[in-house]
Amino acid sequence: HALSRRGTVVAIVFGYPLRAGDPANTVNKVLWIMRLPRHGSPLTIVARPMNADAPLVRQAVSAGAGSRGEEIYPSFVNVPKPGCWRLTLRWAGHTDSIDLRYRA
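For the structure given in this document, a descriptive report is provided here.

Rules and cut-offs
- Residues numbered from 1 in each chain as written.
- Predicted model: local features only at pLDDT ≥ 70, side-chain atom pairs only at ≥ 80, totals over all residues.
- Heavy atoms only, no water.
- Core = buried A, V, L, I, M, F, W, Y, C linked by side-chain atoms within 4.5 Å.
- Buried < 20%, exposed > 50% of the residue type's maximum accessible area, 1.4 Å probe, protein only.
- Helix = DSSP H or I, 4+ residues; strand = E, 2+ residues; numbered from the N terminus.
- Contact = heavy atoms within 4.5 Å.
- Pairing = 2+ DSSP bridges.
- Phe/Tyr/Trp six-rings, centres within 6.5 Å; stacked < 30°, edge-to-face > 60°.
- Lys NZ or Arg CZ within 6 Å of the ring centre and 35° of its normal.

1. A few points about the nonpolar core
Line of reasoning, step 1. Counting residues in hydrophobic clusters, the biggest one holds 24 residues, and the most contacted among them are Trp-32, Leu-43, Ile-45, Tyr-73, Leu-87, Leu-89 and Tyr-102.
Line of reasoning, step 2. Broken down by secondary-structure element, the contributors of at least two residues to this core are strand E2 (9-13), strand E4 (29-34), strand E5 (43-49), strand E6 (57-61), strand E8 (83-91) and strand E9 (94-103).
Line of reasoning, step 3. The residues touching Leu-89, leaving out its near neighbours within four places in the chain, are Val-9, Trp-32, Leu-43, Thr-44, Ile-45, His-94, Thr-95, Asp-96 and Ile-98.

This is the structure:
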């Protein structure tokens, strides 16, 4: 698992280590657990390599999970190349970021 920079999100990583390259690679499942309410809004993820300014991956995750008041979003987060990636997470007016390492 990994904790976000502001402490408002925990990423539970399934299939460690995360793998880069193949966009169909389903081992990159991440369960996002939010400390702040979702209010039914989707989660937007923008991922960029730590040494680059331009985002390379954008993803929206439906708010369909957590129907019993759970503040969670299940997703697959795939990136095109290995390295350390900063993921900026936005939901219901909240923003936080988390750094995850991907291997080849």
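Now, onward.
2. Considerations on the pairing of E2
Line of reasoning, step 1. Across two bridges, strand E1 (residues 2-3) lies against E2 in antiparallel orientation. Bridged to Leu-3 within E2 is Val-10.
Line of reasoning, step 2. Remark: five residues form the turn of the hairpin made by E1 and E2, two consecutive strands paired antiparallel; Gly-7 in that turn has positive phi of roughly 80°.
Line of reasoning, step 3. Summarising the sheet, E2 and E4 pair through five bridges and their orientation is antiparallel. Its bridge partner being in E4, Ile-12 is matched across the sheet by Leu-31.

3. Looking at the packing of aromatic side chains
Line of reasoning, step 1. Within the structure shown, the criterion is met by zero aromatic pairs.
Line of reasoning, step 2. Lys-29 extends its terminal NZ or CZ atom over the ring of Phe-14, reaching a point 5.4 Å from the ring centre.

4. Structural notes on the sheet that holds E5
Line of reasoning, step 1. Spatially, E3-E9-E8-E5-E6 is the arrangement adopted by the five strands of the open sheet, whose pairing is mixed. For this open sheet the edge positions go to strand E3 (18-19) and E6, each flanked by a neighbour on one side alone.
Line of reasoning, step 2. Here E5 runs beside E6; their pairing, made up of five bridges, is antiparallel. Following the sheet pairing, Ala-47 is matched in E6 by Val-57.

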